[in-house]
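An overview of the molecular structure
Each chain is listed here by its residues.
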Amino acid sequence: MPMPARSSSGDTMAEAAGRESIVERPGYHSPQVEVAVRLNTNESPEAPSDGFMAELAEIARALKANRYPDREARALREAIGASHGLPADHVACGNGSNEVLLCLLLAYGGPGRTAVVFEPTYALHRHIAELSHTAVATGERGGGFEIELEPARRLLAEHRPGLVFCCSPNNPTGNSEDEEVLAGLAEAAAPGLLVVDEAYGHLSPSSATSLFAAHENVVVVRTFSKVWALAGLRLGYLLADPAVVAACERTSLPYHLGTFTQAAGLAALGRSGEMEARAARLVAERQRLAAALSSRAVESWPSAANFILFRPRHLGAKEVWEGLLARSVLVRDVSSFPRLEGCLRVTVGTREEDDAFLAALDEVLGGAR
Ligand code: PMP
């Protein structure tokens, strides 16, 4: 391997070039280890249908790989918009919703600006804000992890943030916010944006999409990584006022969304029935898993998403996480998240995977109730 070049001070160029605030930050990762039962990243346990995979093969065969993609991703944006009853100029796409969040922060955050998050929540909101040098102000949640409007209003009045992040259903707690709360937040955030991350929105009884008519500052972020079963494809999008879409497009790189991804997204939208059926199976399995957890020595919280937050009553999170891993079951240790001491998060898997998880959990808990 070639040696890194050295600067006159003797430091390697790599050391000299890295911004301290970036070099010193921990990354954001869930361990990717080889296990039999992987329930740590909220993916769909079911793969897409054979019919869809055959369509993807056709798309690959016909791909004009020597040509750049449609820079505006017009057909995909039209189809996504239509699925929500909106025109294409209300839609911006990215390689996963994380990239969409980055574009939003580049456009509306930055030095001298503030983003608000309500902890505990999806750690990437804070992480990307900090990467973009956006200050972060932290709000609290109520006993069921819901956002409480009055303290939220006071916080927003104090900080006047450029963006307010609200994850609904919230990762990793699983609760979704009522539409009245979302409307109250939208009003209090204006003229800043209320960014409602609905990565698990298909499973939720409420959605901020109902607020578009009354609130121009509402942005809804969605992904194909969960109930669409396409996490490996990397496709996410936002729905917002055309001015917000235009601002995000100025921050995204030219041709960032590949031709294959655009066509695959279109093909997936043509099979929304398959997605709905998968979502229904997932909700039934979540109910079964929640019921099973409620009879064990853990505290668990109701979920409107494809995962469940739980806290072992008599053992520490790390001990249980390691015990499960030793039995080839991987869950997410969220005990270092603010206010989630002792907690773990399990993704709803297939019936067989969830049974394997429960059997391993019983062994680790040692029969304690
Ligand atoms: N938002 C939330 C709340 C998530 O949980 C995730 C995935 N864990 C994402 C966004 C990112 O999803 P992706 O980049 O795969 O679209």
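Please read all numbers here as calculations on a predicted model, not as lab measurements. (Residues numbered from 1 in each chain as written. Predicted model: local features only at pLDDT ≥ 70, side-chain atom pairs only at ≥ 80, totals over all residues. Heavy atoms only, no water.)

Digging into the site of the ligand
As a structural note, the neighbourhood of the ligand is formed by 13 residues, with S97, D197, Y200, T223 and S225 the closest of them. One nitrogen or oxygen atom from the side chain of N171 is found 2.8 Å from an oxygen atom belonging to the ligand. Within the contact set of the ligand, a nitrogen atom lies 3.3 Å away from a side-chain nitrogen or oxygen of K226. Protein chains shield 92% of the accessible area of the ligand, which is 400 Å² for the free molecule. Considered class by class, the residues forming the shell around the ligand number four nonpolar, six polar and three charged. (Near = heavy atom within 4 Å. Polar contact = N/O pair within 3.5 Å; in protein donor to acceptor, adjacent residues only side chain to side chain. Areas by Shrake-Rupley, 256 points an atom, 1.4 Å probe, with all protein chains shown as cover. Nonpolar A, V, L, I, M, F, W, Y, C, P; charged D, E, K, R; others polar.)

Comments concerning the environment of T259
Relative to the assigned elements, T259 resides in helix α10 (residues 259-269). The sequence separation of T259 and L63 amounts to 196 residues, and the corresponding C-alpha distance is 7.5 Å. Setting aside chain neighbours within four positions, we find T259 in contact with L63, R67, Y68 and P69. (Helix = DSSP H or I, 4+ residues; strand = E, 2+ residues; numbered from the N terminus. Contact = heavy atoms within 4.5 Å.)

Some words on the domain arrangement of the protein chain
By the assigned domains, the protein chain splits into domain 1 (29-48 + 274-365) and domain 2 (67-270). Here domain 1 and domain 2 have C-alpha centroids that lie 25 Å from each other. Contact with domain 1, which involves 27 residues of that partner, is made by 28 residues of domain 2. A combined buried area of about 2000 Å² lies between domain 1 and domain 2, and 66% of that area is made up of carbon and sulfur atoms. Ranking the residues of domain 1 by area buried against domain 2 places M275, A304 and R339 at the top, with a combined share of 28%. At the junction of domain 1 and domain 2, the tally comes to one salt bridge. Here E140 and R339 are joined by a salt bridge, their closest N and O atoms 2.9 Å apart. Secondary-structure elements contributing two or more residues to the side of domain 1 that touches domain 2 are α11 (272-294) and β10 (307-312). Considering every element that reaches the side of domain 1 that touches domain 2, the biggest residue donor is α11, with six residues. Broken down by class, the residue content of the side of domain 1 that touches domain 2 amounts to 16 nonpolar, five polar and six charged. (Domains from an automatic or database assignment. Buried area = accessible area lost by both parts, 1.4 Å probe. Salt bridge = Lys/Arg side-chain N within 4 Å of Asp/Glu carboxyl O.)

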